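An overview of the molecular structure
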Amino acid sequence: MSIEIDQSLKKQVIDDPYLIPKDKLGRVGPFADSKINQFVNSGFQSFNVLVKQTKLKPFSAVMDYGCGVGRIAMIMAKYLKEGHYLGIDVMKDVILDCRNRYSKNKNFEFQFLNMFNDAYNKGGLNASDAMNELRVKRKVDLIYNFSIFSHLLPEEIEPVLNFFKNSLKEDGEVFLTLYLRTENSLKFDGPQRKFHHKHPYKGAFVEEKNNPAYCISYTEDHIESYFDKVGFKIATKRYGLWSGTPNASTYQDFIVLKNK
Ligand SMILES: C[S@@+](CC[C@H](N)C(=O)[O-])C[C@H]1O[C@@H](n2cnc3c(N)ncnc32)[C@H](O)[C@@H]1O
């Protein structure tokens, strides 16, 4: 994956020491590299995809659902000049840390979501109860999720999508990455194929039988039935490097949704 980075934006991020969670670079995700440069570049990789694939603008109101330690928030802090950012995550300490670090950014907010996750929040509520507890003050133009639907169980998808539906402006977009179980992804066995999702789980397929949320894949029909039910339609769908797609801009597959 080659990336073109806006060097002036990158310099603004690197020069602002509070933006980079130096002691937490390896805390979540496949970005577990202790090198700051690599962490920042991986953030730009994701940010660039959003700029290219959605209507994101410096005046947009965005929701970073599953924001983690702020891998993309740090770039939004310099990009969203007149916009608004809301980060949501199930890890309380990470949310508190982000609130502290971004306290100077008056257009930034971080909310804790008390939803159960075996790896990230063992004491949490079930998805419906947790989503019902969330209160969002404003509707947003863009909801993006990197590496969240790869952890969401079938029973969690609908409550999360309903929350998205209620939080999105009429002409808004939802960007999400996930693993799609397609003919190609089943066939491909190159070095990028780190997951095989061999175990059936409630209509989906998981990597670890005893830890289904670790990594999950969905057939296109299955995941698309949830989008349809909640009132979303697919605007864009692209397959990722994990299933052998040459020159893909993301490792996982990604989908952009619009209201039906
Ligand atoms: C692989 S990390 C990705 C973090 C971030 N999106 C990024 O790209 O750097 C997965 C994140 O999802 C969060 N998470 C897990 N289950 C969640 C859920 N049900 N709702 C929201 N966030 C969740 C985890 O706490 C973790 O921060």
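Worth saying up front: this structure is predicted, and the values here are computed from it rather than measured.

**Overview of the overall build of the protein**
Helices and strands together make up the secondary structure of the protein, namely eight helices and 10 strands. Computed over the C-alpha atoms, the radius of gyration of the protein is 17 Å, within 12% of the 18 Å expected from 2.2 N^0.38 for a compact globule of 260 residues. Taken over the C-alpha atoms alone, the protein extends approximately 45 × 40 × 35 Å along its principal axes. Summarising the internal contacts of the protein: among those between residues at least 6 apart in sequence, 63% fall at separations of at least 24.

**Some words on unusual backbone geometry**
Within the chain, histidine 197 stands out as a residue other than glycine whose phi angle is a positive 45°. Structurally, the position occupied by histidine 197 is in the loop between helix H7 (183-187) and strand E6 (199-201). Phi is positive for lysine 202, close to 45°, though the residue is something other than glycine. Residue position: lysine 202 is located in the loop between E6 and strand E7 (204-206).

**Section: the nonpolar core**
Membership of the largest hydrophobic core comes to 74 residues, with the highest contact counts inside it found for Val62, Met76 and Ile143. If you tally residues by element for this core, the top one is strand E5 (residues 168-181), at seven residues. Contacts of methionine 76, omitting those with residues within four sequence positions, involve Val62 and Tyr85.

**Topic: the environment of methionine 91**
Secondary-structure assignment places methionine 91 in the loop between strand E2 (84-89) and helix H4 (92-101). Its 21 C-beta neighbours within 10 Å are what place methionine 91 among the buried residues. Spatially, the C-alpha atoms of methionine 91 and arginine 138 are 22 Å apart, while their sequence positions differ by 47 residues. Those residues in contact with methionine 91, other than ones at most four positions away along the chain, are Tyr120 and Asn121.

**A closer look at the pairing of strand E4 (residues 140-145)**
If a strand is regular, its side chains alternate between the two faces of the sheet. Extensive coverage of E4 is indicated by the burial of six of its six residues. Looking at chain direction, strand E1 (residues 61-65) and E4 are connected through three bridges and run parallel. Directly across from methionine 63, in E4, lies its bridge partner isoleucine 143. Two strands pair when backbone bridges link them, and E4 and E5 are joined in this way by five bridges, in the parallel orientation.

**Considering helix H6 (residues 154-167)**
In a regular helix each residue adds 1.5 Å, so 14 residues correspond to 20 Å; H6 covers 21 Å between its end C-alpha atoms and thus fits that length. Of the positions making up H6, those classed as buried are Glu156, Ile157, Val160, Leu161, Phe163, Phe164 and Ser167. Seen end-on, H6 carries its buried residues on one side only, within an arc spanning 155°. The exposed residues of H6 that point more than 90 degrees off its buried face are Glu155 and Asn166. Next to the buried residues of H6 lie E1, helix H5 (127-133), E4, E5, helix H8 (220-230) and strand E9 (232-238).

**Here we look at the packing of H6 against H8**
With their axes 10 Å apart at the nearest point, H6 and H8 run at an angle of 40° to one another. The pairing of H6 with H8 is recorded here as oblique in orientation. Seen from above, H6 lies across H8 with right-handed handedness. Counting all contacts with H6, which are made through Ile157, Glu158, Leu161, Asn162 and Lys165, the residues of H8 involved are Tyr226, Lys229 and Val230. Residue classes in the contact of H6 with H8 are distributed as four nonpolar, one polar and three charged.

Scoring rules and cut-offs
Residues numbered from 1 in each chain as written. Predicted model: local features only at pLDDT ≥ 70, side-chain atom pairs only at ≥ 80, totals over all residues. Helix = DSSP H or I, 4+ residues; strand = E, 2+ residues; numbered from the N terminus. Rg over C-alpha atoms; globule rule 2.2 N^0.38 Å. Contact = placed C-beta atoms within 7 Å. Core = buried A, V, L, I, M, F, W, Y, C linked by C-beta atoms within 7 Å. Buried ≥ 20, exposed ≤ 12 C-beta atoms within 10 Å, placed from the backbone. Pairing = 2+ DSSP bridges. Expected span 1.5 Å × (residues − 1). Arc of directions from axis to C-beta. Axes fitted to C-alpha atoms, helices over the stretch in contact; angles between N-to-C directions. Parallel < 35°, antiparallel > 145°, perpendicular 65-115°, else oblique. Left-handed = near helix turned anticlockwise from the far one by under 90°. Nonpolar A, V, L, I, M, F, W, Y, C, P; charged D, E, K, R; others polar.

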